There are 4 protein chains.
Amino acid sequence: MEPFYETLLREARALEPAMRARRRDFHTYAEPGWCEFRTASRIARELTDLGYRVLVGRDVCLEEARMGLPSPETLERQYRRALDQGAEPAFAEPMRGGFTGVAALLDCGEGPVVAMRFDIDALAVREAEGDGHRPSREGFCSVNDGVMHACGHDGHAAVGLAVARLLMARRAALRGRIKLIFQPAEEGVRGAASIAARGLLDDVDYILAGHMGDSAGTDAQIGFPTDATLATTKLDVCFRGQAAHAGLAPEAGRNALLAAATAVLNLHAIPRSGRGDSRVNVGSLRAGGGRNVVCERAAMELEVRGATTEVNDYLEAYARRVVRGAAAMHGCDCEVTVAGAAGSLESDPALRRRAEAVARDCLGLRVRETTFGASEDYAALVERVRGRGGRGLFFTALTPCAGPLHSPAFDFREEALPNAAALFCALAYSLQREGPV
Amino acid sequence: MEPFYETLLREARALEPAMRARRRDFHTYAEPGWCEFRTASRIARELTDLGYRVLVGRDVCLEEARMGLPSPETLERQYRRALDQGAEPAFAEPMRGGFTGVAALLDCGEGPVVAMRFDIDALAVREAEGDGHRPSREGFCSVNDGVMHACGHDGHAAVGLAVARLLMARRAALRGRIKLIFQPAEEGVRGAASIAARGLLDDVDYILAGHMGDSAGTDAQIGFPTDATLATTKLDVCFRGQAAHAGLAPEAGRNALLAAATAVLNLHAIPRSGRGDSRVNVGSLRAGGGRNVVCERAAMELEVRGATTEVNDYLEAYARRVVRGAAAMHGCDCEVTVAGAAGSLESDPALRRRAEAVARDCLGLRVRETTFGASEDYAALVERVRGRGGRGLFFTALTPCAGPLHSPAFDFREEALPNAAALFCALAYSLQREGPV
Amino acid sequence: MEPFYETLLREARALEPAMRARRRDFHTYAEPGWCEFRTASRIARELTDLGYRVLVGRDVCLEEARMGLPSPETLERQYRRALDQGAEPAFAEPMRGGFTGVAALLDCGEGPVVAMRFDIDALAVREAEGDGHRPSREGFCSVNDGVMHACGHDGHAAVGLAVARLLMARRAALRGRIKLIFQPAEEGVRGAASIAARGLLDDVDYILAGHMGDSAGTDAQIGFPTDATLATTKLDVCFRGQAAHAGLAPEAGRNALLAAATAVLNLHAIPRSGRGDSRVNVGSLRAGGGRNVVCERAAMELEVRGATTEVNDYLEAYARRVVRGAAAMHGCDCEVTVAGAAGSLESDPALRRRAEAVARDCLGLRVRETTFGASEDYAALVERVRGRGGRGLFFTALTPCAGPLHSPAFDFREEALPNAAALFCALAYSLQREGPV
Amino acid sequence: MEPFYETLLREARALEPAMRARRRDFHTYAEPGWCEFRTASRIARELTDLGYRVLVGRDVCLEEARMGLPSPETLERQYRRALDQGAEPAFAEPMRGGFTGVAALLDCGEGPVVAMRFDIDALAVREAEGDGHRPSREGFCSVNDGVMHACGHDGHAAVGLAVARLLMARRAALRGRIKLIFQPAEEGVRGAASIAARGLLDDVDYILAGHMGDSAGTDAQIGFPTDATLATTKLDVCFRGQAAHAGLAPEAGRNALLAAATAVLNLHAIPRSGRGDSRVNVGSLRAGGGRNVVCERAAMELEVRGATTEVNDYLEAYARRVVRGAAAMHGCDCEVTVAGAAGSLESDPALRRRAEAVARDCLGLRVRETTFGASEDYAALVERVRGRGGRGLFFTALTPCAGPLHSPAFDFREEALPNAAALFCALAYSLQREGPV
C-alpha cells in the first residue's frame, strides 16, 4: 500500500471515536428535512473552525427550487427547538425558514474540482425502545419524539466532518478544489434540486456520495451498486369539493372523498410499463370531517417511481391525468404540488472502476457489487454535474445492520465510518493527483 | 246506467274473442321497438278497412327525433322477417328503416280533440316455456326467439283496434275529433318523442293511455296511479382507447376497460338526492377482445331515473361528468348518445276525477288507487299536450297477472281487455258530450 | 281558552328571560356528546333545587349500551374543562367517564306516566363570527373552540328547565307521574339507546319531545311532522393491513388504503331501494402515514339511512358486506363498530291529534304540518315506550331561523321557547286529566 | 465447415420452395387453438408418409390437462370446416373434439433422446388487406375470417416438416431417438400442459424449440434470448348475481357488473412486486343485458404475468382474492377457471452455448443475443424435461418482419425457414454424436 493511503486509512480509523461521538449527537437530536437547524449549524461551526470557507442558508439552497417544505409554523417551531437544543445561533439564523444546507470550500490550486455530498436529515419514524435497540441501550436514542435517524444520515454527517478534517490536514498534497456539500431534506427527494439550481456544482468535475448499507452476512466493507436507483416524483394532491348535509341534501355537495377514492384505485391501476420497472404508492389520505357531512376536502400524498426517468415521466403524467379526471367527475377542484423529485442515478462506469481500484488496491478494503433499489435525491446533483461534462459516483459503506432501512429498529456499526471517510479522501487524492478517469 | 254506456260495455265485451285473437297474433309475432313492421302494418290495414284516415311512416314519426334505433342491418333483417311473417306490404313499405308508428284520425265535427295512445312493441326477453306458462300451454308463444310481449303491449294494441271499431260505430254520437296513436318503441322510452315532435298532437285537448296491471289479490278492474312515473334518460356510452400488447408494451395502450369500470362504479355512486327518489343502472357493458390485448373499446348502456324531471336532470348531468372524467383519466375518447328519454308523468287531477267517475259510475267498473313506479314514454306525449293547454290521463287495466312485468313468465287475463276498451270510448264520449273537465 | 291553559301560557311567557339566559349560558359553554359535564350537572342542580327526585350518571345511562364514546383521554380532558367552566362538582362527579344523562321524577299520584325528552349536546362545528351572527353580536358565542350548539339543543335544555318549573308549580293539578329526561349525545344518535336500556321508560304511557325548527316564511309556531324520520346506523370501520417499503417491496405489504378506497366507492354504489329513500355517506377517512410506505391502517366513519328500518337494515347489511369484501381483497383485517343507531320515528296518530288540538284550541298557537327529514335518536325511546303499549309524539317549535341546522351560522329566536314549554306542560295536563288518547 | 453440416445446410436451403408452399397453405387455412384439424391431420399424413411412427389425438394430449377449450359446438363446427377445407379424414377423426396434437417418433438406436416442439395454431386476428401486406399481394391471406397466423406458427409447422424430412434422410448418422412434437393451442398457453401430462417427454434428454423473430435492422439469422419469458396464468372469471328491475326494485338484485367493475380496477391495482416484473390485464368483459335490468352475469378474461414463476404466483393468488372479494361484496357467486398457464422459460446455459457454437461455427450462421419478452407455452415442456434431468433450448429464427407479432400486418420472410430447419437438425446430430453438453 502506498504510504499516502496507508497513513490516510490509519488516521481515519483514529478518528473513529470522534465520528462515533458526533454521529450519536446527531442521532440524539434528530431533525426532519428542512429543519436541520441544530445539525447544520453545528456542522457549519466545525467546518469554519477547521478553516474552510463556509456557505450556509440562501447561498446554498435556491429558495424557489426547494420542494416539500413544512409549513412556516412548523419551520419556526423546529427552529426554536433547535436553539433550545444547542444550535449555533450565528449559523442557524441565516438558515431560518428552511435553508439548512451547508457547503465548505477548499482551494488547493489548479486541478480537478471534486465535490462530495453528505445528507443530514432524519425521518418521521418513532424510534424503537428497549435493550434490543443499541441506541436505546447505549443512551443515544432520539429525544425528538417521532423523528429518527433511521436511514444512517447521522453517520453520513459524521463521515463528512471527518473527511473535512482529513482533507484539510492533506491540503498540501491536493491539486484542485474540494467542495463538501451537507445536504438537507434528502428523504422525500426534496433538497438536492435547490442545491443544483443554486449553481454550486457547475464547475465540478467529479461528485461523490456514499450511503450506509447492510453487509448482509458478508465481510465486505465497501459496495458498488450495479443497478440504477429508481427515478421518482412525489406529489401532494388536494381535492376540494363542497360540504352538504348527507341526509337532507347530498345532491348539494361535491364529494371530495369520492374523487380521492377513485384516484387511489386508478393511480394504483396505472398500467405497468414494458420499458422498465415502475411503482405507484398513495401513502396517505386525509379526508372529511363529520360523518353526516359530504366530504369537502381530501389530501393525499403519493409517489411514482420508474427504472428510468422516461418510465417515471410516463407515470407522473398518467397520475396527473388520473387526479384531474377523478376531480372533474365529482365536480371538485384539485391542486397538485411536486413535493420531491429525483431522476434515476447510476455511477459513471469509469469513475466506478477507479473507485473500486482505490478502495481495494490502495486502501485494502473488501469490495463487492451490490444493488441499491430505492431512490436517491443525489441523482439531481449527479445530473447537474454530468450535464456539464463531469462524472458521479455512488457507493455504500457496508456494516452488519440491525433492522431494515427506515424501520424503527435500524442501526449500523460505527466501525464502518472510517472506511467511508478514507475512501472519500483517497478518491479525491487519486482524482487530483493520479490523472483523470 | 245510462243506455249509451250500458250498450258500450256490452258491445266491448262482445268483442272479447276478437281482441283475444288479435292479442295472441301479436304475441306470437312479437317485434322489438322500431321493428314492428308486421304489427304496425296489420294495424294500419285494419284501421283503413274500418274507415279511418290512416297515417304511417314519416307522417307519424319525425326521423331525427327517433331515439335508440337498431342498426340499419337489424332494421332491414327485421323488415324482411316481418314480410315473411305476414306484414301488409303496402303499409310496411313506408315504415321501412324504422318508421313504425300508425295514427288513425276520425273527424266528428266541432268539439274537443281526444287522442289515445296504444304502444305496440315487444321486449328483448326470451319467453318462458312449459305448461306453467299459458302462452306456451295454449300455443301462442313468441316464434321470434329472444323477443317477447312481456309488458302487455300486445294487449294494448288489441284494445286500440277494439276502440277503433267501437268508436267508428258511434261516430254519430261524438262531437270533435279522435286520434288513435299506435306508438312504436315504448320500451326504452325511445318512440314517443318522435311522435310529439312530428306535431300530430298539437291540437289535442285530452290524451289518454292505459297499461295492463296486476290486480294483486283485489277484484279491482281499473286502477288510477297516484304517484308520478319516474323521469328517465337512457344513455349509450362508448369509450375508445388504444390497443397494445399487454405483456410487451402495456404502457402503449389506452385502456378503455379501466375507463369503463371506473365509470360503472362512479355512476352507481352518484349521490342520492334529497329532492326525490333516484335510480342509476348500467345494464350492460361489452368491452375488449383478446385476453392479452389492452382493451381498446368498451360500450355500455345505462339509464338514470328521477322522481321529478329536476332530479333526473341532476343525475344525467352527473352521469355525463362521470363518463367524461373516466375517459380522460385513461386517455380515452368517449361518445355519449341519448337512446331514450321521458319526463315524469302524472295524470291531470281533474281529468282523473272525471275518468274515475266514468269508470265507476257510468260503466260500473271496480276502481282503485294504485302506484305505477316505473317510467313511461307516454310522458313525452302528455308533456306536449299539456304545453298547449291540454290534459293527460294514465290508467291501468287490472287483471290477475302471472310473473312480474318484463319477466319471461309474464301473462295477463284477456277478460281485462274489454274493460279498457270500454273506458277509452266512454271517456271520449263523456269529454265530447258532457262538457270539459 | 280554559283558565288552566291561559295561565300556563302567560306564565311560560313570563319565563322567557330566564329561558333566554339559560339558553345563552349553555350556548356559551357548548359541550359535545358524552361530555356535557357542565351542562348536565347544572341542570341536575336546578332540578334538585326545584324539588324533583333527580337521577344522574349510571342511574340514567346503561354503561354498555352507550355508543360512539370519545376516548377516555378526551372524556377526562373535557371533564376537567367542565369543572373549570363552572360545572357543579357534586353532580358532575358521578357523570365522569361519560354518564351525562339526567332524569327528574315527580310523583303526582295515580294516573298516566308522561315522559319528556330534552337533548343537551352540541356539535363539532366551529361557530361563525362577525356581526351577521347574533350569538357573536350579542356576546354568547361558544368559547369552546370547534364545538357549537348548531342544532338548538341549548334551547331544548332551557325549555326542559322551564317545563320543570311550570309543572312543579302545578303538581296539585296533575294526576300520575312526570319523567323529565335530559339526554346526552343525541348528535350521531348515540345516547338514547343507553337510556332506553337502563329501563327508565318501562312504565311510561306517553313520551313527548320537540325540536327547534324554521318557520320558513310562515307565521306558524308549532309544527307536526307528517313524515317519518330516517332510520340510521353509524359505523366506524378500521382496516388493518401491513406496511412495507413502497419502492423496494410493495408486494410485501397489505394495502389498507386500497381496501378503504374500494369500500368508499362501493358503499356509495350500494343500489338504491325501491322500498323507500336511502342514504349512504362516508364522512371521513384517515389512512396511512409515510408517502413511500404501503398504507397499514385506514379508519373511516360512515352512516347509512333509510326511510324505514327495513330499508336501513338492507343498507347496513350491504355496507358490512362491502367492507368485509374490500378488506379480504387486499388481505386486510377490518373491524366494524356501531357508533350510533336509530330507527325510523313517527308520532302516534292519535296522540298527535290530541297534541294538535291542545296546541291550537287550548293554547291558541298557530299550528302547521311540516316535514323533518333527518334522523332522530329519540326514535329509540319511542320504540321502547311503544313496545310496552305506550305512545310517542314529536313536534317542532317554529321560529325564523338563521342558517341551516348544523351550519356555523345557525340561530333561532328565543320567543319560540315559551311556546314549546307551554305545549309540553299543557299536553301533560291534558293526558293526565282529560282522559287517554 | 464439416461436410455433414455443409450438406445439411445446402439441402435445407433446397427445401425452401417446399417450406414456402407448406407455410402458405397453412397460412391460407389458419385454424385457432384446439381446432387445427386440417393443419394437424395434413402434418400427420406427411409424417406418416415419410416413415415416422405417428401419434395423434388422445395419444398426444391428455384430455383433462387441456386448458381453454372452445365450446363443443365450436369444436364441431371447426372440425366440419376443416374437412371441407381438405383435412385428412383418417387422421382428423381421432382429433375430433380438440385433440389436435401430433407426435412423430424415430428410433436410431442407443443414444440421447432429442425432442423438438413446433406449434401450429393461429390467432383470433383479422388479417390485413391490401397490397401493403404480402400475404394479400401474393394471394395466401387467411380464408378463415377473423383467424390469422399472426405469430409465425405457419412457419414453425413448415420448419417441422422440413426437419422431419432432413432427419429421416440422415437417420443412419444419428444415435438415439428423435421426437417431433407438433403442438396445438400455444396461443393463450393452453396446449403444452396436456402434452407434458401425457408423458411423451418423460425420457427426453434435450428439447428444442424456435420462434420466428424480427432481425430488426441487423443481419443476424439466429437469436438466443438472454431473458426469461414471463410466467403467466390465464383466468376466466364468471360473476353470477341476480337480475331485478332497475327502476322498481334495484334492491332485489345482486349486481354482477358492480362486482366485475370492482374487480377490474383492483386487479389492475395489484401492487407491483419488488421481486421482478409483473403484468395484469383484463382483456375482455361481457356483462348484462337489458339497460333497465340489474346485471345478472359478467364474464371476464384476464391474465397475469411475472418475471419469475414466484412473481406470477403472487399475482395469481392476489387476483383470485380480488375476484372473490368483489363477488362477496355484491352478494354474487364467482367461478374462476384456468384457461392457460405457463412458467417462466430460460434456455439451459450449457445447451445454449452448444447451440450457439453449432449455429455459428458448424453452420456459419450469423448469431446474436436477443430478448423475447412475452410468454411461451413451451415452458411447460421444458419444465417437464428439466424435472427429469433433461435440458431445454429456445432460439429465434430472425428475418426482417412486417408488423409486430400478433398484429394484422405481421409477416416474415421465408428465407429464414431453412436456417431454422438446419439448426434443429444440426443440433440433434451434435447432441447425439458429439457428446452431451
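Colleague: In this structure, what is going on with the interface of chain C and chain D? I would like to understand it.
Modeller: Across the boundary between the two partners, chain C contributes 22 residues, which contact 22 residues of chain D. Of the roughly 1900 Å² buried where chain C meets chain D, counting both sides, 58% is carbon and sulfur surface. In terms of surface lost to chain D, no three residues of chain C exceed E251, N266 and M329 of chain C, which account for 32% of the buried area on that side. There are 2 salt bridges connecting chain C and chain D. The partner of E251 of chain D in a salt bridge is R275 of chain C, and the shortest N-O contact between them spans 3.5 Å. The interface formed by chain C and chain D includes 14 residue pairs in polar contact (both at pLDDT 80 or more). Counting only elements with at least two residues in the side of chain C that touches chain D, the list comes to helix 9 (256-268) and helix 10 (309-329) of chain C. A per-element tally of the side of chain C that touches chain D places helix 10 of chain C first, with 8 residues.

Colleague: Where do I start with the pattern of salt bridges in this structure?
Modeller: Side-chain pairing between opposite charges can occur once the charged atoms of the two side chains come close. Enumeration over the complete set of coordinates arrives at 170 salt bridges over all chains. Here R279 of chain C makes a salt bridge to D277 of chain C, at a shortest N to O gap of 3.5 Å. Of the residues examined, D277 of chain C reaches a relative accessible area of 27% and is grouped as partly exposed. For E356 of chain D, the salt bridge is made with R360 of chain D, and the minimal N-O distance between the two is 3.9 Å. Of this pair, E356 of chain D and R360 of chain D are both found in helix 11 (residues 349-362), 4 residues apart, which corresponds to roughly one turn of the helix. Relative accessible area serves as the criterion here: at 17%, E356 of chain D is assigned to the buried category. Among the charged side chains, a salt-bridge network with shared partners connects E16, R20, R23, R24, R134, E138, D154, D411 and E414 of chain A.

Colleague: What am I meant to see in the relation of the copies chain C and chain D here?
Modeller: Both copies of the chain are placed relative to one another by a rotation about an axis and a shift along it. Rotating chain C by 180° and translating it 0.1 Å along the rotation axis places it on chain D, where the RMSD comes to 0.1 Å. Read as a symmetry element, the transformation amounts to a two-fold axis. Residues of chain C ranked by C-alpha distance from the rotation axis are headed by G325 of chain C, positioned 2.2 Å from it. With an isologous cut-off of 70% or more, the 100% of interface residues of chain C that recur at the interface of chain D puts this contact in the isologous class.

Colleague: Any chance you could explain the relation of the copies chain C and chain A here in plain terms?
Modeller: Once turned by 179° and shifted 0.1 Å along the axis, chain C lies on chain A with an RMSD of 0.1 Å. Taken together, the interface assignments show that 100% of the residues at the interface of chain C recur at the interface of chain A, consistent with an identical surface on both copies.

Colleague: Help me understand the packing of helix 1 (residues 3-14) of chain D against helix 13 (residues 416-433) of chain D in this model?
Modeller: Helices that pack against each other are described as a pair by the angle of their axes relative to one another and the distance between those axes. All names here are of chain D. Close contact between helix 1 and helix 13 brings their axes to 8 Å; oriented N to C, the two are set at 150°. As summarised for this structure, helix 1 and helix 13 are arranged roughly antiparallel, according to the angle between their axes. Between helix 1 and helix 13 lies a crossing whose hand is right-handed. Residue-level contacts link F4, Y5, L8, L9, A12 and R13 of helix 1 to P418, N419, A422, C425, A426, Y429 and S430 of helix 13. Of the residues belonging to the contact of helix 1 with helix 13, the class tally is 10 nonpolar, 2 polar and 1 charged.

Colleague: Help me understand the interface of chain C and chain A, please; the structure alone is not making it clear to me.
Modeller: The figure often quoted for interface size is the accessible area lost as the parts come together. Taken together, the contacts link 42 residues of chain C with 42 residues of chain A. Of the roughly 3200 Å² buried where chain C meets chain A, counting both sides, 56% is carbon and sulfur surface. Looking at the side of chain C facing chain A, the largest losses of area belong to L257, L265 and R291 of chain C, adding up to 21% of the total buried there. Across the contact surface, chain C and chain A share 3 salt bridges. Salt-bridge contacts for R291 of chain A lead to D236 of chain C; the nearest nitrogen and oxygen are separated by 2.8 Å. At the junction of chain C and chain A, the tally comes to 20 residue pairs in polar contact (both at pLDDT 80 or more). When contributions to the side of chain C that touches chain A are tallied by element, the ones reaching two or more residues are strand 7 (231-240), helix 9, strand 8 (278-288) and strand 9 (297-306) of chain C. If you tally residues by element for the side of chain C that touches chain A, the top one is strand 8 of chain C, at 9 residues. Looking at side-chain class alone, the side of chain C that touches chain A contains 20 nonpolar, 14 polar and 8 charged residues. Pairing geometry for strand 8 (residues 278-288) of chain A and strand 8 of chain C, over 5 bridges, is antiparallel. Looking at strand 8 of chain C, one finds that A287 of chain A is bridged to L285 of chain C.

Colleague: Would you mind showing me how to read the sheet that holds strand 3 (residues 113-119) of chain D here?
Modeller: One key point about sheets: their strands pair by backbone hydrogen bonds, in either a parallel or an antiparallel sense. All names here are of chain D. Overall, mixed pairing links the 8 strands, which are arranged 1-2-4-3-5-12-6-11 in an open sheet. Each edge of the open sheet is held by one strand with a lone partner, namely strand 1 (53-56) and strand 11 (367-370). Taken pair by pair, the neighbouring strands of this sheet meet at an average axis angle of 25°, ignoring direction. By the bridge criterion, 7 bridges tie strand 2 (residues 102-108) to strand 4 (residues 176-183) in an arrangement that is antiparallel. Across the sheet, residue D107 finds its bridge partner in strand 4, namely R177. Its contacts with the sheet place helix 11 against strand 5 (206-214), strand 6 (222-225), strand 11 and strand 12 (391-399), and it is angled at close to 40° to strand 12. Here helix 12 (residues 378-387) sits on the sheet and contacts strand 3, strand 4, strand 5 and strand 12; the angle it forms with strand 5, its principal contact strand, is near 155°.

Colleague: In this structure, what is going on with the sheet that holds strand 10 (residues 333-342) of chain B? I would like to understand it.
Modeller: Strand order across the open sheet formed by 8 strands is 10(B)-7(B)-9(B)-8(B)-8(D)-9(D)-7(D)-10(D), with antiparallel pairing between neighbours. Looking at strand neighbours, the two that pair on one side only are strand 10 of chain B together with strand 10 (333-342) of chain D, the edges of this open sheet. Ignoring strand direction, the axes of neighbouring strands in this sheet form an average angle of 20°. The pairing of strand 8 (residues 278-288) of chain B with strand 9 (residues 297-306) of chain B spans 9 bridges and is classified as antiparallel. What sits directly across from N281 of chain B, in strand 9 of chain B, is E303 of chain B. In the packing of helix 9 (residues 256-268) of chain D onto the sheet, the strands contacted are strand 8 of chain B together with strand 7 (231-240), strand 8 (278-288) and strand 9 (297-306) of chain D, and the crossing angle to strand 8 of chain D comes to about 165°. This element, helix 10 (residues 309-329) of chain D, spans strand 7, strand 8, strand 9 and strand 10 of chain D of the sheet and lies at about 5° to strand 7 of chain D.

Colleague: What's the story with the confidence of the model for chain A in this structure? I'm lost.
Modeller: Keep in mind that low pLDDT regions are not for reading the predicted coordinates in detail. Residue-level pLDDT values for chain A average 95, and 100% of them are 70 or greater. Across the whole predicted complex the pTM is 0.89, and at the interface the ipTM reaches 0.86.

Colleague: Can you walk me through the environment of R53 of chain C in this structure?
Modeller: Of note, R53 of chain C is situated in strand 1 (residues 53-56). For the pair formed by R53 of chain C and K179 of chain C, sequence separation is 126 residues and the distance between their alpha carbons is 9.8 Å.

Colleague: In this structure, what is going on with the environment of D25 of chain B? I would like to understand it.
Modeller: All names here are of chain B. With respect to the helices, strands and loops of the structure, D25 is situated in helix 2 (residues 16-28). When the C-alpha positions of D25 and A122 are compared, they lie 13 Å apart, and in sequence the two are 97 residues distant. Those residues within four positions of D25 in sequence are excluded, and the remaining contacts are R38 and R42.

Colleague: Got a minute to help me understand the side chain of T39 of chain D in this structure?
Modeller: Residue and element names in this part refer to chain D. Mapped onto the fold, T39 is located in helix 3 (residues 37-50). Residue class for T39 comes out buried when judged on its relative accessible area of 0%. Setting aside its immediate chain neighbours within four residues, T39 contacts F26, Y29, E31 and I120.

Colleague: What should I look at first to understand the pairing of strand 6 (residues 222-225) of chain B in this one?
Modeller: Along any regular strand the residues' side chains alternate between the sheet's two faces. Residues and elements named next belong to chain B. Along strand 6, one buried face is formed by I222 and F224 and the opposite face, lined by G223 and P225, is buried too. Sheet topology places strand 6 next to strand 11 (residues 367-370); 4 bridges connect them, and they run parallel. Across the sheet, residue G223 finds its bridge partner in strand 11, namely R368. As paired elements, strand 6 and strand 12 (residues 391-399) share 2 bridges and run antiparallel to each other.

Criteria and thresholds
Residues numbered from 1 in each chain as written. Chains lettered and ligands numbered in written order. Predicted model: local features only at pLDDT ≥ 70, side-chain atom pairs only at ≥ 80, totals over all residues. Heavy atoms only, no water. Contact = heavy atoms within 4.5 Å. Buried area = accessible area lost by both parts, 1.4 Å probe. Salt bridge = Lys/Arg side-chain N within 4 Å of Asp/Glu carboxyl O. Polar contact = N/O pair within 3.5 Å; in protein donor to acceptor, adjacent residues only side chain to side chain. Helix = DSSP H or I, 4+ residues; strand = E, 2+ residues; numbered from the N terminus. Buried < 20%, exposed > 50% of the residue type's maximum accessible area, 1.4 Å probe, protein only. Least-squares fit on C-alpha atoms with pLDDT ≥ 70 in both. Axes fitted to C-alpha atoms, helices over the stretch in contact; angles between N-to-C directions. Parallel < 35°, antiparallel > 145°, perpendicular 65-115°, else oblique. Left-handed = near helix turned anticlockwise from the far one by under 90°. Nonpolar A, V, L, I, M, F, W, Y, C, P; charged D, E, K, R; others polar. Pairing = 2+ DSSP bridges. pLDDT = per-residue confidence, 0-100.

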